[in-house]
Amino acid sequence: MTATSRCVERTELAARAREAAARFARREQEVTDPVALSREVVAWAVEAFGDRLAVTSSMADGVTAHLVCQRLPGVDVLFLDTGYHFAQTLQTRDQVARSMPVTVRTIEPRQTVAEQDREHGRDLFARDPEHCCLLRKVEPLSHALAPYDAWVTGLRREDSPARAATPLVAWDADRGMVKVSPVAHWTQPTVEAYVAEHEVPVNLLLEQGYPSIGCFPCTRRPLPGQGSRSGRWTGFDKTECGIHP
Ligand code: SF4
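About the cut-offs
In every chain, residue numbers begin from 1 and rise along the written sequence. Whole-chain, interface and lining totals are the exception, using all residues; otherwise, since this is a predicted model, local features are given only for residues with pLDDT of at least 70 and side-chain atom pairs are given and counted only at 80 or more. Think of the side-chain values as coming from all heavy atoms in the structure, minus any hydrogens and water. A strand pair is defined by DSSP finding two or more bridges across the two strands. Runs of H or I in DSSP of at least four residues are treated as helices and runs of E of at least two as strands, each being numbered from the N terminus. For helices, the fitted axis covers only the stretch in contact; all axes are lines through C-alpha atoms, and the angles between them, taken along N-to-C directions, range from 0 to 180 degrees. Throughout, a residue-residue contact means that at least one pair of heavy atoms, one from each residue, lies within 4.5 Å. One heavy atom suffices: a residue is near a molecule or strand as soon as one of its heavy atoms comes within 4 Å of it. Basically, the charged four are Asp, Glu, Lys and Arg, the nonpolar ten are Ala, Val, Leu, Ile, Met, Phe, Trp, Tyr, Cys and Pro, and anything else, Gly included, counts as polar. Reported orientations rely on four angle classes, namely roughly parallel under 35 degrees, roughly antiparallel over 145, roughly perpendicular from 65 to 115, and oblique for the rest. Each crossing gets its handedness from the near helix: less than a right angle anticlockwise from the far helix is left-handed, clockwise is right-handed. We call Phe, Tyr and Trp rings a pair once their centres come within 6.5 Å, taking the six-membered ring for Trp, and we label the pair stacked below 30 degrees between planes, edge-to-face above 60, and tilted otherwise. Lysine NZ or arginine CZ positioned within 6 Å of the ring centre and within 35 degrees of the ring normal marks a charge as sitting over the ring. Residue burial is assigned from relative accessible area. The probe radius is 1.4 Å, only protein chains are included, and a residue is buried under 20% of its type maximum, exposed over 50%, and partly exposed in between. In protein, a polar contact means a hydrogen-donor-capable atom and an acceptor-capable atom, both N or O and within 3.5 Å, with residues adjacent in sequence counting only if both atoms are side-chain atoms; elsewhere, any N or O pair within 3.5 Å suffices. In the sections that follow, a salt bridge refers to a side-chain nitrogen of Lys or Arg positioned within 4 Å of a carboxyl oxygen of Asp or Glu.

Caption draft 1: Up close: the sheet that holds strand 5 (residues 169-172). One open sheet holds the 6 strands; their spatial order is 3-2-1-4-6-5, and the pairing between them is mixed. Strands at the two margins of the open sheet, each flanked by one partner only, are strand 3 (102-107) and strand 5. Strand after strand, the sheet turns through a mean of 30° between neighbouring axes, direction not considered. Here strand 4 (residues 150-152) runs beside strand 6 (residues 177-180); their pairing, made up of 3 bridges, is parallel. The residue bridging valine 152 from the neighbouring strand is valine 180, located in strand 6. Seen against the sheet, helix 4 (residues 87-99) touches strand 2 (75-80) and strand 3 and runs at an angle of roughly 150° to strand 3. In the packing of helix 7 (residues 129-145) onto the sheet, the strands contacted are strand 1 (53-56), strand 2, strand 3, strand 4 and strand 6, and the crossing angle to strand 2 comes to about 160°.

Structural data, given as structure tokens:
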């Protein structure tokens, strides 16, 4: 593909994303069943992009993967293995791979933790988590997403103030692809009801007081009354890894 045709293709993708974003913002005012709306969004994305659609998952649960694989069996589910995950997160990934028709693809950073330690010093996360996230999350994911036209995230508006305006569909200008967040509008009871109804795997840490799960060096239980993501990167002025700017 030439640079010019890729540019035209991106222009078309952007237009398609903006049209869908506006349409689903209107549908959100009309559809009262949050799961039904999610299924509409997923149906559109599968129709529009087919196997050039990938799901990304942090493996807090398998909800988004489950939603998409109902319409697109075998869909690629990308999981970033930073080398710093809790055992429970890796178990959830394996349960998702076993229990539903998806293709889990484990994405690894360019360097192992040991190689990163040698180049940047031990425990980069404790000194410069922005740089550590860039090396172990942001760059590997952007590289892994390059072959696709659209990606599906599990972002929810409830997660944090920074995510409160997350649209169902958006144009991801940084990556030149469509970003689909079909559960953006879900509340925690909606998640729990869906998990129970469909027996979706969930990370065991959720019931151990971790409402938001990332790498173990950067994840704590939130203090009572604090937001669900307040246990992430404690002590730093950082609330996102950089995957969702
Ligand atoms: S969450 Fe922490 S350990 Fe994981 S990539 Fe980011 S800084 Fe590194």
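Moving on, there is more to tell.
Caption draft 2: Region of the structure containing the site of the ligand. Close to the ligand lie Tyr84, Phe125, Pro129, Cys132, Cys133, Arg136, Lys137, Cys215, Cys218 and Trp233. Top element by residues in the shell around the ligand is helix 7. It accounts for 5 residues. By residue class, the composition of the shell around the ligand is 8 nonpolar, no polar and 2 charged.

Caption draft 3: Structural context of the packing of helix 2 (residues 34-49) against helix 3 (residues 63-71). Viewed as axis vectors pointing N to C, helix 2 and helix 3 meet at an angle of 55°, and their least axial separation amounts to 9 Å. One element, helix 2, and the other, helix 3, form an angle in the oblique class. The crossing of helix 2 and helix 3 is right-handed. Contacts between helix 2 and helix 3 involve Ser38, Arg39, Val42, Ala43 and Val46 from the former and Leu67, Val68 and Arg71 from the latter. Considering only residue class, the contact of helix 2 with helix 3 consists of 5 nonpolar, 1 polar and 2 charged.

Caption draft 4: Local environment of the packing of aromatic side chains. Per the stated rule, a full pass over the model turns up 7 aromatic pairs. Through a chain of ring-to-ring contacts, three or more aromatic side chains come together here, namely Tyr84, Phe86, Phe125, Tyr210 and Phe216. We note arginine 23 situated over the ring of phenylalanine 24; from NZ or CZ to the ring centre the distance is 5.0 Å.

Caption draft 5: How the structure looks around the pairing of strand 1. Side chains Leu53 and Val55 of strand 1 all project onto a buried face; the interleaved residues Ala54 and Thr56 project onto the opposite face, where all are buried too. Judged from the 3 bridges that link them, strand 1 and strand 4 form a sheet pairing that is parallel. Paired with leucine 53 across the strands is alanine 150, a residue of strand 4.

Caption draft 6: View of unusual backbone geometry. We note that methionine 59 has phi near 65°; this positive angle belongs to a residue other than glycine. Relative to the elements of secondary structure, methionine 59 occurs in the loop between strand 1 and helix 3. Owing to a relative accessible area of 1%, methionine 59 belongs among the buried residues under this scheme. With phi around 55°, aspartate 123 is a residue other than glycine that occupies positive phi space. Residue position: aspartate 123 is located in the loop between helix 5 (113-120) and helix 6 (124-127).

Caption draft 7: Representation of the side chain of threonine 166 in the model. Position of threonine 166 among the secondary structure elements: in the loop between strand 4 and strand 5. Within the structure, the side chain of threonine 166 is placed 2.7 Å from the backbone oxygen of arginine 163, a separation counted as a polar contact. The contacts of threonine 166, once residues within four sequence positions are left out, are Leu155, Arg157, Ser181 and Ala184.

Caption draft 8: Molecular detail of the pattern of salt bridges. Here the structure, examined in full by the defined rule, presents 10 salt bridges. Residue aspartate 149 pairs with arginine 52 through a salt bridge whose shortest N-O separation is 2.8 Å. Here aspartate 149 is found in the loop between helix 7 and strand 4, whereas its partner arginine 52 is found in the loop between helix 2 and strand 1, with 97 residues between them in sequence. A salt bridge links aspartate 172 to arginine 175, with the shortest nitrogen-to-oxygen separation between them at 3.0 Å.

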